[in-house]
Amino acid sequence: MRNFLTILALLFSFAASAQSIRISDFKATITDATAPDAVQDADGAPCAILRMETKETGWTFEAGMAGITDVMYGKDVIYVYVPAGARILSVAHPNAAPLRNWNIPQRLEPGRTYSMKLEIFVPQPAPVEKPKRVISKPKPTPKPVPSPAFSNRVYEKDFCWHFADAYLGFVNDREGYTDECFVGLRYTYLQHRLGPYISAAISTDEMSAFFAGAAYRFTRPETSDLDFQAYGGVGLVYGGLLAGEAGIRFGWKSNHKLSGLDFGVGCQFWKGTITPTVEVGLYIWGIPVVCGLCLALRAL
């Protein structure tokens, strides 16, 4: 029997803890003819009347430091008299968890009535949102780009990197006579703005000329289709005579890294001699040379 009573008490305690107290619809009223006579607080001032509508019985009240002056009961209503300085209210009931330190919504006035509803309710758990399933799309596989080491192809038009030019120089002495010509090849590597070049040539008198230097690109592919360059260097002619040269070259954007249709003009100079030069790109000089070699081989 004792165990049964203990279990019953625990069940009542659990049921009470599952319920809560709620105060709602708080508002000030001008007069309340059904309210009992006015009650004065300890300082002799009229109390504020908290008129609570409820169908439950067994309530207890606290008002913090201000205290409860009086409590009167009517049909489905309770009148709680508190000093006008009260700011909080605590309410308890045997069948629910207590409501502690409920903040009174507005400042109370002496002698005025404030109506509200007092009830016990069972809190409803907040709905739990199911996590949205996100289906990620597979990223497209990028297409492989050929390595520059194994391909001469450029997939967007750009300035060329390699220049293989044939040049012809006309030797002029101090008196302006031209009695010798140089025929040679010049290779330039110009991936960015500045790059090296080398050249070698042989004259009609079987004399050699070697030059090396640097080329500079003045234009950018973002702003121009014309590839304008200047070059300059030093070299040796006639087996040991120090010489110099300078010139300009014109090219265009291409789908390949090797230029074929460029051309340029320049000048080589050494002691007592000025040699103007003209040069053309690989396609201009290379195709006729290949055709000539084929005809010669066929004739042999």
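From a predicted model like this one, the values you see are computed outputs, not experimental measurements. (Residues numbered from 1 in each chain as written. Predicted model: local features only at pLDDT ≥ 70, side-chain atom pairs only at ≥ 80, totals over all residues. Heavy atoms only, no water.)

Some points on the packing of aromatic side chains
In total, this model carries eleven aromatic pairs according to the counting rule given. On the numbers, 5.3 Å between centres and 35° between planes, the contact of Phe-228 with Phe-250 is tilted. Linking Phe-228 in strand 14 (residues 226-237) with Phe-250 in strand 15 (residues 241-252), this pair joins segments that are 22 residues apart in sequence. What makes Phe-250 partly exposed here is its relative accessible area of 22%. Of the aromatic side chains, those joined through ring pairs into one cluster are Tyr-216, Phe-218, Phe-228, Phe-250, Trp-252 and Phe-263. The cationic tip of Arg-186 hangs over the ring face of Tyr-167; the distance from NZ or CZ to the ring centre is 4.7 Å. Here the basic side chain of Arg-249 rests over the ring of Phe-163, its NZ or CZ set 5.3 Å away from the ring centre. (Phe/Tyr/Trp six-rings, centres within 6.5 Å; stacked < 30°, edge-to-face > 60°. Helix = DSSP H or I, 4+ residues; strand = E, 2+ residues; numbered from the N terminus. Buried < 20%, exposed > 50% of the residue type's maximum accessible area, 1.4 Å probe, protein only. Lys NZ or Arg CZ within 6 Å of the ring centre and 35° of its normal.)

Quick word on a negative patch on the surface
Among the surface-exposed residues, Asp-173, Asp-179, Asp-205 and Glu-206 lie close enough to one another that they form a single negatively charged patch. For Asp-179, the position within the fold is in strand 11 (residues 178-189). (Patch = residues over 30% accessible without salt bridge, like charges linked within 9 Å, V, L, I, M, F, W, Y side chains within 5 Å. Areas by Shrake-Rupley, 256 points an atom, 1.4 Å probe, with all protein chains shown as cover. Salt bridge = Lys/Arg side-chain N within 4 Å of Asp/Glu carboxyl O. Lys, Arg positive; Asp, Glu negative; His and termini not counted. Charge placed at Lys NZ, Arg CZ, Asp CG, Glu CD.)

Examining the sheet that holds strand 13 (residues 208-217)
In sheet architecture, strand pairing relies on hydrogen bonds along the backbone and comes in two forms, parallel and antiparallel. Read around the barrel, eight strands follow the order 10-11-12-13-14-15-17-18 and close on themselves; strand pairing throughout is antiparallel. Between one strand axis and the next, the sheet turns through 25° on average, direction left out of account. As judged from the seven bridges shared by strand 11 and strand 12 (residues 194-203), these two strands associate in the antiparallel manner. The partner of Thr-188 across the bridge, within strand 12, is Tyr-197. Here helix 2 (residues 282-299) sits on the sheet and contacts strand 10 (162-172), strand 11 and strand 18 (273-280); the angle it forms with strand 10, its principal contact strand, is near 80°. (Pairing = 2+ DSSP bridges. Axes fitted to C-alpha atoms, helices over the stretch in contact; angles between N-to-C directions. Contact = heavy atoms within 4.5 Å.)

Structural notes on the pattern of salt bridges
Within this structure, the stated rule accounts for twelve salt bridges. For Asp-262, the salt bridge is made with Arg-249, and the minimal N-O distance between the two is 3.9 Å. Pair noted here: Asp-262 is in the loop between strand 16 (254-256) and strand 17 (263-270) and Arg-249 is in strand 15, with a separation of 13 residues, a long-range link. Look at Arg-249 and you get buried, because its relative accessible area is 0%.

Observations regarding the side chain of Thr-54
With respect to the helices, strands and loops of the structure, Thr-54 is situated in the loop between strand 2 (48-53) and strand 3 (60-62). Here Thr-54 falls in the buried class, since its relative accessible area comes to 6%. At 3.1 Å, the side chain of Thr-54 and the backbone nitrogen of Glu-56 are in polar contact. Ignoring sequence-local partners within four residues, the contact set of Thr-54 consists of Trp-59, Asp-76, Val-77, Ile-78 and Leu-118. (Polar contact = N/O pair within 3.5 Å; in protein donor to acceptor, adjacent residues only side chain to side chain.)

Let's talk about the pairing of strand 15
Inspection of the sheet shows strand 14 paired to strand 15 by twelve bridges, in the antiparallel sense. By the bridge assignment for strand 15, Phe-228 is matched with Phe-250. Between the end of strand 14 and the start of strand 15, which pair antiparallel, lie three residues, with Tyr-238 showing a positive phi angle near 55°. Bridge count for strand 15 against strand 17 is seven bridges, and the pairing is antiparallel. Across the sheet, the residue bridging to Phe-250 is Phe-263, located in strand 17.

So far we have only geometry, and geometry alone does not tell us how the molecule works.
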